Amino acid sequence: MASLNVGPLGEYIREQRRNAQYSLRQLAEAAGVSNPYLSQIERGLRKPSAEILQQIAKALRISAETLYVQAGILEERRGEGLELRASILADPLINEQQKQALLAVYDAFLKENAAGRPSGAAPAKAAATDPVTEPATDQAGGVGGNTDEHRGEAP
């Protein structure tokens, strides 16, 4: 069987599967496709439909749009954080609730930045209540020491 030049897609799916710690058989079952078919996709021998890509994305807990871009079905939209989103969703070190919280915060920042200022305008100055600019206080209300250590500031 000749390769259909979908190698990068297959390699990407294999990488995401391994990051999610799925065997080929486990992912095939979760996505509702046959084990041999998924193997052929990963090896670049088959080009899956958009529906199959959506099933695989759902099983891997990644964006279907990410797989569509990898497959050449969609053009990658610059500045929309597809790689960041895929990385967050594939991270085995955080749980599903934490992943969704990170994505929600990221989306909120994007929305705020898009609506908050005209194109080319400088960002607004931090408010005085910004916890990074205010000295840290302990539970009794006193100013605490070693705040640089906790904020991770560079020397």
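About the thresholds
- Residues numbered from 1 in each chain as written.
- Predicted model: local features only at pLDDT ≥ 70, side-chain atom pairs only at ≥ 80, totals over all residues.
- Heavy atoms only, no water.
- Helix = DSSP H or I, 4+ residues; strand = E, 2+ residues; numbered from the N terminus.
- Contact = heavy atoms within 4.5 Å.
- Buried < 20%, exposed > 50% of the residue type's maximum accessible area, 1.4 Å probe, protein only.
- pLDDT = per-residue confidence, 0-100.
- Expected span 1.5 Å × (residues − 1).
- Arc of directions from axis to C-beta.
- Polar contact = N/O pair within 3.5 Å; in protein donor to acceptor, adjacent residues only side chain to side chain.
- Core = buried A, V, L, I, M, F, W, Y, C linked by side-chain atoms within 4.5 Å.
- Salt bridge = Lys/Arg side-chain N within 4 Å of Asp/Glu carboxyl O.

1. Considerations on the side chain of Thr66
Within the secondary structure, Thr66 sits in helix H5 (residues 64–71). Residues contacting Thr66, with those up to four places away along its chain left out, are Tyr12, Leu82 and Ala86.

2. Describing the side chain of Arg17
When you line up the elements, Arg17 lands in helix H1 (residues 7–19). For Arg17, a relative accessible area of 9% translates into the label buried. Apart from residues lying up to four places away in sequence, Arg17 is in contact with Tyr22, Ser23, Leu24, Leu27, Glu42 and Leu60.

3. With respect to the confidence of the model for the protein
Mean pLDDT over the protein: 75, with 67% of residues reaching 70 or higher. Note that residues 1–5 has pLDDT below 50 and, in this model, nine contacts with residues that lie over four places away or in other chains. Scored below 50 in pLDDT, residues 122–155 makes 17 contacts in the model with residues more than four places away or belonging to other chains.

4. Regarding helix H7 (residues 96–116)
With 21 residues, H7 extends 30 Å from end C-alpha to end C-alpha; this agrees with the ideal 30 Å at 1.5 Å per step. Where H7 is concerned, the buried positions are Lys99, Leu103 and Tyr106. Buried residues of H7 fall within an arc of 65° about the axis and therefore sit on the same side. Exposed and oriented more than 90 degrees from the buried face of H7 are Gln97, Lys111, Glu112, Ala115 and Gly116. Its side-chain oxygen at 3.0 Å from the backbone nitrogen of Gln97, Asn95 defines the N-terminal cap of H7.

5. Description of the nonpolar core
Ranked by internal contacts, the top residues of the largest apolar core, which has 24 residues, are Ile13, Leu38, Leu53, Ile56, Ile62 and Leu67. Going through the elements one at a time, H1, helix H2 (24–31), helix H3 (35–42), helix H4 (50–60), H5 and helix H6 (82–90) are the ones with two or more residues in this core. Of all the elements, H4 adds the most residues to this core, at six residues. Non-local contacts of Leu38, meaning those with residues more than four positions away in its chain, are made with Ile13, Leu24, Leu27, Ala28, Val33 and Ile56.

6. Some remarks on the pattern of salt bridges
Tallying each qualifying case throughout the model produces three salt bridges. The partner of Arg17 in a salt bridge is Glu42, and the shortest N-O contact between them spans 2.7 Å. Of this pair, Arg17 sits in helix H1 while Glu42 sits in helix H3; the two residues are 25 residues apart in sequence, bridging distant segments of the chain. Of the two residues, Arg17 and Glu42, both sit in the buried class. Salt-bridge contacts for Glu96 lead to Arg61; the nearest nitrogen and oxygen are separated by 3.8 Å. With Glu96 in helix H7 and Arg61 in the loop between H4 and H5, this residue pair connects regions lying 35 residues apart in the sequence. Glu96 gets classed as partly exposed once you look at its relative accessible area, which sits at 30%. The network of salt bridges with shared partners includes Arg14, Arg17 and Glu42.

7. Topic: H2
Residues spaced three or four apart along an α-helix point in a common direction, a consequence of the helix completing one turn every 3.6 residues. Inspection of H2 places Leu27, Ala28 and Ala31 among the buried residues, and these make up the whole buried set. One side of H2 carries all its buried residues, which in axial view fall inside an arc of 100°. In this structure, H2 carries Arg25 and Glu29 as exposed residues pointing more than 90 degrees from its buried face. Just downstream of H2, Gly32 is the residue with a positive phi angle, here 75°.

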